[in-house]
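So the chains spell out like this:
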Amino acid sequence: MATPTTTAAPRRRRFPYRLQVEPRLTVPRWLSPVVSFGALIVALVLGAIILELVGADWAQAYGHIAKAAFGDIGVFSDTLVKATPLILTGLACTVAFQMKLWNIGAEGQYVMGALGAAVVVLAPVLPPETPRFIQIPVMVVFGVVFGALWGAVPGLLKAKLKVNEIITSLMMNYIAIELVNYFVFAVWSEGGFQQSATFPKTSWLPRLTDYAKDLPILRGLTTHFGLILALLAAGLVWLILYRSLWGYEIRLIGDNPRAAEYAGLNITRNTILVMMLSGALAGLAGMSEITGTLHRLQTGLGAGYGFSGVIVAWLAKLNPLVVIPVSVLFGGLILAGREIQPSGVPRLIQGIILFMLIASEVLLRYQVRLVRVAALEAGRA
Amino acid sequence: MSEVPLAVAMRGIVKRFPGVLANDHVDFELRAGEVHALLGENGAGKSTLMSVLSGLYKPEAGAIVVRGRPVNFNSPRDAIAAGLGMIHQHFMLVESQSVTENILLGLDQPRFVMRLAEYDRRIAELGDRFGLSVSPTSKIWQLSVGEQQRVEILKMLYRGVQVLIMDEPTAVLAPQEIDGLFTTLRAMVAEGKSIVFISHKLNEVMAIADRVTVLRQGKVTAAGLPTSQTSIPELAKLMVGRTVLFDLHKKPQPPGAVVLELERVSAINNKGQACLHNFSLQVRAGEIVGIAGVAGNGQSELAEVITGLRRATSGRILLHGADSTQASVRAVIAQGVSHVPEDRTHVGSAPNLSITDNIIMKQYRAAPVAQGWSLNRLAARQRAELLKDEYRILAPTVQTAARTLSGGNLQRVILARELSAKPRLLIAMQPTRGLDVGAIEGVQRLLLAQREAGAAILLVSEELEEIFALSDRIVVIYEGEVAGEVTTHDTDAIGLLMMGGGRSQTQPAPPAQPAA
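The rules we used
Throughout this document, residue positions are counted from 1 along each chain, in the order its sequence is written. Chain letters start at A and ligand numbers start at 1, both assigned in the order the entries are written. Reporting of local features is limited, given that this is a predicted model, to residues whose pLDDT is at least 70; pairs of side-chain atoms are given and counted only at 80 or more, and all residues count toward the totals for whole chains, interfaces and linings. Where helices and strands are cited, they refer to DSSP runs of H or I of at least four residues and of E of at least two residues respectively, numbered from the N terminus. Computation of the radius of gyration draws on C-alpha atoms, with the globule rule given as 2.2 Å multiplied by the number of residues to the power 0.38. Whether a residue is buried, exposed or partly exposed is read from the other C-beta atoms within 10 Å of its own C-beta, which are placed from the backbone; 20 or more gives buried, 12 or fewer gives exposed, and intermediate counts give partly exposed. A residue pair is marked as a contact if its C-beta atoms, positioned from the backbone, fall within 7 Å. Paired strands, in this sense, are two strands between which DSSP finds at least two bridges. Each axis is a line fitted through C-alpha atoms, and for a helix only the stretch in contact is used; angles between axes span 0 to 180 degrees, taken between their N-to-C directions. Residue type decides the class: Asp, Glu, Lys and Arg count as charged, Ala, Val, Leu, Ile, Met, Phe, Trp, Tyr, Cys and Pro as nonpolar, and the leftover types, Gly among them, as polar. Roughly parallel here means an angle under 35 degrees, roughly antiparallel means over 145, roughly perpendicular means 65 to 115, and every remaining angle is called oblique. To form a nonpolar core, buried Ala, Val, Leu, Ile, Met, Phe, Trp, Tyr and Cys residues must be joined through C-beta atoms within 7 Å. Helix crossings are classified by the rotation of the near helix relative to the far one: an anticlockwise turn of less than a right angle makes the crossing left-handed, while a clockwise turn makes it right-handed. Domain delimitation follows an automatic or database domain assignment. By definition, pLDDT measures how confident the predictor is in each residue, and it falls between 0 and 100.

J.: Help me out: how do you make sense of the overall build of chain B in this one?
T.: Across its full length, chain B holds 16 helices and 22 strands. Taking 24 Å as the expected radius of gyration for a compact globule of 516 residues, we find that chain B reaches 24 Å, a close match to that expectation. Taking the principal axes of its C-alpha atoms as reference, chain B extends roughly 70 × 50 × 50 Å. A buried classification covers 49% of the 516 residues belonging to chain B. For chain B, long-range pairs separated by at least 24 residues make up 68% of all intrachain contacts whose partners lie at least 6 apart in sequence.

What follows is the structure in structure tokens.
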């Protein structure tokens, strides 16, 4: 039975302050970094409370994380190694997201990029004695092309048949991973193990430690040439997005596809091209990882870098240059996380940070003010 | 005056937006049982003031008293509970649901079992009482804009509002529908309800309102002026702050060569229904052809077919004598066709991009903005700054996001972009809709200047006065067909054609001639 609704609001003692929320018409330039920084602090405080509740010493935990990620040049170098693929997958997502193409297939494009690079060595396309200065550019091209082609598939389906790219790019991840597994187990397995033979040295990206003969301080530092590639890619993506005609088209389509159509832009072509660029960047990440640190094809290649790219791009607010520091921070958290606990708390802190940063977007869109209820009542008189 | 109870009193309302004082200590008094017009230019603060009254915005200072009781609204829901409802320019209806479902949406009754038939009956009764004929079981998407507005009014009546605020309600209506609306409003007033009628159309204000409050730049310039004691020129002056010329000097000039020719063009709309049927039309250089008609009779699709945004299912479109039926949007633009779209925010501009980025939207591939593969941002900015001055776009800088501009300023950005391209054919869709008197005059002068410069202009407007003032020829469109062509400025005859009547009494449109 429906009960009659009461119209009279129950009288209750009101809290003396009230939040007023209003949409913002303009957003000052300084606000975004300030809000992001504030959100980070809030997240760390929340993390500290949780650490305290589970009986850990939060100060010690945070200190350990900081030391394990940024404490000395050795661990910082390791952080950069983790950051390198994150920068590239972050850029891959940034490019696609700028056009509101929700490519969540960076993981698969990354794996395909790695496979592309491996093909050069394992098929082999080039003999092992090929000098490094030929070997590496060829591997870059293969990695980029494999990634781009993998990205082109959801792009084509979206552009020509309006198939939702979220689903297709996600599904393509699993296909890519199983495809690589096939090659690892069935074609290039070394002695039946879940990995291929180690690549010849000529196909390794140069590492800092390789120059320890001349500069002893570099001994043991594993930061590799992939970082340079990632930084160059960040600059290139920034140039494309903010200084090129193509980037203008990407931003216009992303902001209002109907206006873009009205202005005569070719949305079909751009959808495919942007998905290919996105895939190419993710593919470069896979190539850089396999030739910079792993030096062999193996299972579990992706390690979630592709999915983390989504988070990195979002945290960087789709700014290709901000992707760099965000990736370094994220890389540090991944590294330090493993130091203090294989899973659990560090993941939890990552989650809280992400949550806070995304929640803080509200503050950019709306103005929130705390006003005294009494003042409001007085204003009426 | 004191014996008449005030339905609403707003005192000293201050509402500030970044960089703008939208309402500067505004007082507003609404009596029970009156139609009170709120008049002002775009950005004068009319909508802001009423958004404050309807609980959408909170004022920085000031008090609102409803029927003698001070109120403090936190949301439109609070305002409706106090008997105040606002109907916005953009209707807030769920397209796929029925009229009754839309009206019941968000209410506590019915609770669980819908019993729609019962509510259909109640809503039909309510509609009859106020002369709002609309079938309660129709889905919203099946209704015309005028009928959708009736649903919005019914929604408010059903919620028992005593004060109905309408933001530019006539902007979307045909003359006959406006009469219907006015009848409804009078029926509501007769029952003691009050209406706030936001408008910048002076003749309508004179026709329907009992009193007028005029706002200019956030301040009241006339408070509660009885319409019987004022005149259109006086109101225009109060509104704009200067004397407005109502006469446009249109120079007689012979039309030139045929620029646009449509030969029996048919097309279907997004729902797959026929929207244009054997539509034939010629527009010559230096002439303005006005398309009169009630919104939704194929005008939008007509513009889309010409500009390449929609494919014709049959017939031919010739631009400068060359077939462009299958031409892409870009190819049509390259042919010197400019298009001022009907929907400024969703089609004509990119809201989060800057004024500069919006200005270069169609010319970014041409030098000096394009430099090889790169975008010359300095050149783009200089162009935007030049046009910002020339077209008097009011914005802090050219880097300001388009979404923060008022309707009139956004339209200036679009006009700046479209007219600076020196078009040979201009498709102007509702170019002055929602603009204030001063801005309308400016836009109309720009269109006449284009005509004198030799452009062929296709003007689509629901403002008959505008069509009369600007057009050399007038074609009436009804259900996607040419209902007739008129040369006299006879409102009744055109009105009849617009409503689909009297097609036999007028001459048919001239048959398409083969291209020269």
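Structure's up, so let's keep going.
J.: I would appreciate a short explanation of the sheet that holds strand β22 (residues 481-486) of chain B in the present structure.
T.: Remark on secondary structure: sheet strands pair via backbone hydrogen bonds, oriented parallel or antiparallel. Residues and elements named next belong to chain B. Spatially, the 6 strands line up as an open sheet ordered β16-β19-β20-β13-β21-β22, and their pairing is mixed. Only two strands of the sheet have a single neighbouring strand rather than two, namely β16 (337-340) and β22. Mean inter-strand twist for the sheet, computed between neighbouring axes without regard to direction, equals 20°. Two strands pair when backbone bridges link them, and strand β13 (residues 288-292) and strand β21 (residues 473-478) are joined in this way by 4 bridges, in the parallel orientation. Bridged to I291 within β21 is V475. Here helix α9 (residues 299-307) sits on the sheet in contact with β13, β16, β19 (425-429), β20 (456-461) and β21, set at roughly 155° to β19.

J.: Looking at this model, I keep getting lost on the interface of chain B and chain A. Mind explaining?
T.: The parts lose accessible area when they come together, and the size of an interface is often stated as this lost area. Taken residue by residue, the interface counts 37 residues in chain B and 24 residues in chain A. Here the residues of the side of chain B that touches chain A sort into 20 nonpolar, 10 polar and 7 charged.

J.: Sorry if this is basic, but what is going on with the packing of helix α7 (residues 226-243) of chain A against helix α8 (residues 245-255) of chain A here?
T.: Packed helices, taken two at a time, are described by their axes: the angle between them and the distance between them. All names here are of chain A. At a minimum axis separation of 5 Å, α7 and α8 run at an interaxial angle of 70°. The angle between the axes of α7 and α8 places the two elements in the roughly perpendicular class. Contact with α7, carried on its side by I240, L241, Y242 and R243, involves W246, G247, I250 and R251 of α8 and no other residues of that element. Tallied by class, the residues present in the contact of α7 with α8 amount to 5 nonpolar, 1 polar and 2 charged.

J.: Teacher, can you tell me more about the nonpolar core here?
T.: A general feature of soluble globular proteins is that nonpolar side chains tend to end up buried together. Counting 252 residues, the largest nonpolar core has L281(A) and L459(B) as its most contacted members. Take this core: its biggest share by element is 13 residues, from helix α10 (residues 267-294) of chain A. Those residues in contact with L459(B) that sit more than four places away from it in its chain are I288(B), V289(B), G290(B), I291(B), A428(B), L447(B), I467(B), L470(B) and S471(B).

J.: Could you clarify how one ought to interpret the packing of helix α3 (residues 73-98) of chain A against α7(A) in this entry?
T.: Residue and element names in this part refer to chain A. Close contact between α3 and α7 brings their axes to 9 Å; oriented N to C, the two are set at 20°. Relative to α7, α3 is oriented roughly parallel. Here α3 and α7 pass one another in a crossing that is left-handed. Judged by residue contacts, L80, T84, I87, L88, L91, T94, V95 and Q98 of α3 engage G226, L227, A230, A233, A234, V237 and L241 from α7. Tallied by class, the residues present in the contact of α3 with α7 amount to 11 nonpolar, 4 polar and no charged.

J.: Explanation requested: the domain arrangement of chain A in the structure shown.
T.: Residue and element names in this part refer to chain A. Split by domain assignment, chain A resolves into domain 1 (31-71 + 341-381) and domain 2 (87-322). Placing the centre of domain 1 and that of domain 2 at their C-alpha centroids yields a distance of 32 Å. Taken together, the contact pairs 4 residues of domain 1 with 4 residues of domain 2. Broken down by element, the side of domain 1 that touches domain 2 gets its largest block of residues, 3 residues, from helix α13 (residues 345-359). Considering only residue class, the side of domain 1 that touches domain 2 consists of 3 nonpolar, 1 polar and no charged.

J.: What am I meant to see in the confidence of the model for chain B here?
T.: The predicted coordinates ought not to be read in detail in places where the model reports low pLDDT. Residues and elements named next belong to chain B. Per-chain confidence: chain B averages 86 in pLDDT, with 94% of residues scoring 70 or above. The element-level mean pLDDT for chain B is lowest in helix α16 (residues 491-498), coming to 74, with β16 highest at 96. Predicted confidence for residues 503-516 stays below pLDDT 50, and this span has 22 contacts to residues more than four positions away or in other chains. The ipTM for the predicted assembly is 0.81, set against a pTM of 0.76.

J.: Quick question: what am I supposed to make of the environment of V274(A) here?
T.: Residue and element names in this part refer to chain A. Here V274 is to be found in helix α10. Classification of V274 as buried rests on a count of 26 C-beta atoms within 10 Å. The spatial distance from the C-alpha of V274 to the C-alpha of F355 is 28 Å, given a sequence separation of 81 residues. Excluding its chain neighbours within four sequence positions, the residues that come into contact with V274 are V95, A96, M99, L101 and I250.

J.: Would you take a moment to explain α9(B) for this structure?
T.: Note on helix geometry: an α-helix contains 3.6 residues per turn, so any two residues three or four positions apart are oriented the same way. Residue and element names in this part refer to chain B. Burial of α9 is extensive: 9 of the 9 residues sit out of reach of the surface. Among all positions of α9, only Q299, S300, E301, L302, A303, E304, V305, I306 and T307 are buried. With its phi angle positive at about 85°, G308 sits one or two positions after the end of α9.

J.: Would you take a moment to explain the confidence of the model for chain A for this structure?
T.: Per-residue confidence for chain A gives a mean pLDDT of 87; residues scoring 70 or more make up 92%. Contacts of residues 1-11 of chain A to residues separated by more than four positions or lying in other chains number 4 contacts, the stretch itself having pLDDT below 50.

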